[in-house]
Structure formats: structure tokens, C-alpha cells
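Okay, here's what each chain looks like letter by letter:
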Amino acid sequence: MAETENAGQASERSSQGLRNDPKRLGRILFGALFLAIFVGYYLAGRELDNGTLSQPGPGMIPGWVGIAGAVISLIVIIESLLGRSESGQIDFPRGRDLKDVLIFTAMVVVFYAALIPILGQYIASALFATACIRVVGRDSWLKSITIGVAMGIILTLFFSEALGIRLPSGMIIP
């Protein structure tokens, strides 16, 4: 009987804590939203031909992305429910800070779209990732550049070697 009472109290504490913890609640809600999106993406991709590993069809990428995204979403949800994720209040930018974030985001997206035809998908993506990591993540330049370049290399290898697809190259760097 004492075990049942303790389990009930623990359950009540965790639900009370979740109501008062916007970061964990937000992670659960976004995890559930993206779980639904990835499951839908997977199901939509099932209508396409998967092909084989040597000759992938148009349904292979949505299948793998859907499965991977659903697994990651489930991990985020479970981690948040168990209370192992970051918790606390959310400090959204306000006033001038919000304006700066929105202007920066718009500029980066516009420059990214403008740089693709000039520098190509790979370099433009590496620069985009570097800028986003530096400003949004507020990491050091060294870490931002390292991750951005690694993403550019991984993107190149994945599409050119694994999938045999060449993404758009630029005018300056073909």
C-alpha cells in the first residue's frame, strides 16, 4: 500500500513540475509535433518506389528520413518526460533583441538563397550553418566554422558519394 501511495505522489510531482516547466513542456510538444510530421512524411514516401540500395528509388530518402526523424522525436519526448532534459523558464528576445534576431534571420536566409547560384550548394550551406551556429548558438568562431565546414563536407559526401546526386554548383566554384 505504501508503494502505491509513493508512486501516486511521484506521478503528481512530475505532472506538477511539467506544468511549471515551460522548457520541458515545449520540448514534449515540439517532439510530438515533429513525430507526427515525420510519421506523415514516412507514410507519404511509402507510396513511392523504394528501389534498391544500388539503385535507390524516390521513396528511399523519405523512408529513412521519416524513420530517423521519428526516432529522434521519440527520444526528445522520452528524455523530457523523464526530466533529464534542460528545464526552467524560457527567455525569448524582446524589443530590440527580437528585432535584431528577426533581421539577422531574414538576412541570412536571403544571402543563402543569393549565394547558392554563385558559390554552389555546398559552400553556401557551410557558410549558412556557420553563421547560424555562431549567432543563434552563440558558440565561438572556431567551433562555428568547424561545424559549418564539417556539415558542408558531410553534405557533399552524402549526396555525391552515397546517393550519386550532384547538388547545384556555383558560377565561381563549379
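Heads up: the structure comes first, above all this text.
Please read these numbers as outputs of a predicted model, since none were measured by experiment. (Residues numbered from 1 in each chain as written. Predicted model: local features only at pLDDT ≥ 70, side-chain atom pairs only at ≥ 80, totals over all residues. Heavy atoms only, no water.)

This part takes up the overall build of the chain. Tallying secondary structure elements over the chain gives six helices and zero strands in all. Along its sequence from the N terminus, the chain presents helices and strands in the succession α-α-α-α-α-α. Considering the chain as a whole, with its 174 residues, one finds that 21% of them fall into the buried category. Here the analysis covers contacts within the chain between residues at least 6 apart in sequence; of these, 58% occur between residues at least 24 apart. Element-wise, carbon and sulfur atoms account for 68% of the exposed surface of the chain, whose accessible area totals about 12400 Å². (Helix = DSSP H or I, 4+ residues; strand = E, 2+ residues; numbered from the N terminus. Buried < 20%, exposed > 50% of the residue type's maximum accessible area, 1.4 Å probe, protein only. Contact = heavy atoms within 4.5 Å. Areas by Shrake-Rupley, 256 points an atom, 1.4 Å probe, with all protein chains shown as cover.)

Further remarks concern the side chain of Ser-73. In this structure, Ser-73 sits in helix α3 (residues 60-81). Setting aside residues up to four positions removed in sequence, Ser-73 forms contacts with Gly-31, Phe-34, Leu-35 and Phe-38.

For the rest of this paragraph, the subject is the pattern of salt bridges. Using the criterion set out here, one finds one salt bridge in the structure. Among the salt bridges present, the one from Arg-27 reaches Glu-79, with a minimum N-O distance of 2.6 Å. Highlighted residues: Arg-27 in helix α2 (residues 22-45) and Glu-79 in helix α3, separated in sequence by 52 residues. (Salt bridge = Lys/Arg side-chain N within 4 Å of Asp/Glu carboxyl O.)

On the surface, a cluster of nonpolar side chains totalling about 490 Å² of accessible area is made up of Trp-141, Ile-145, Val-149, Ile-153 and Leu-157. Within the secondary structure layout, Val-149 lies in helix α6 (residues 141-162). On the basis of relative accessible area, Val-149 is assigned to the partly exposed category, the value being 42%. (Patch = residues over 30% accessible without salt bridge, like charges linked within 9 Å, V, L, I, M, F, W, Y side chains within 5 Å.)

A few words on helix α4 (residues 96-119). The end-to-end C-alpha distance of α4 is 33 Å, a good match for the 34 Å that 24 residues give at a rise of 1.5 Å each. Of the residues making up α4, those classed as buried are Val-108, Ile-116 and Leu-119. Gly-120 lies just past α4 and shows a positive phi near 95°. (Expected span 1.5 Å × (residues − 1).)

So, on to α6. Taking 1.5 Å as the rise per residue, α6 with 22 residues should run 32 Å; its terminal C-alpha atoms sit 30 Å apart, in good agreement. Every buried residue of α6 is listed here: Ser-144, Gly-148 and Gly-152. All buried residues of α6 fall inside an arc of 70° around its axis, so they share one side. Exposed and facing more than 90 degrees away from the buried side of α6 are Leu-142, Ile-154, Glu-161 and Ala-162. Those residues of α6 that are buried lie in contact with α5 (121-136). (Arc of directions from axis to C-beta.)

By the secondary structure assignment, Ser-144 is in helix α6. A distance of 2.9 Å separates the side chain of Ser-144 from the backbone oxygen of Ser-140, its partner in a polar contact. Non-local contacts of Ser-144, meaning those with residues more than four positions away in its chain, are made with Thr-130, Ile-133, Arg-134 and Asp-139. (Polar contact = N/O pair within 3.5 Å; in protein donor to acceptor, adjacent residues only side chain to side chain.)

Scanning all chains against the criterion turns up four aromatic pairs. For the pair Phe-34 and Phe-38, a centre-to-centre distance of 6.4 Å together with 35° between the ring planes defines the contact as tilted. Placement of both Phe-34 and Phe-38 in helix α2 is noted, with a separation of four residues, approximately one turn of the helix. Taking relative accessible area as the criterion, Phe-34 reaches 35% and is therefore assigned partly exposed. An aromatic cluster is present here, built from Phe-30, Phe-34 and Phe-38 joined pairwise through their rings. (Phe/Tyr/Trp six-rings, centres within 6.5 Å; stacked < 30°, edge-to-face > 60°.)

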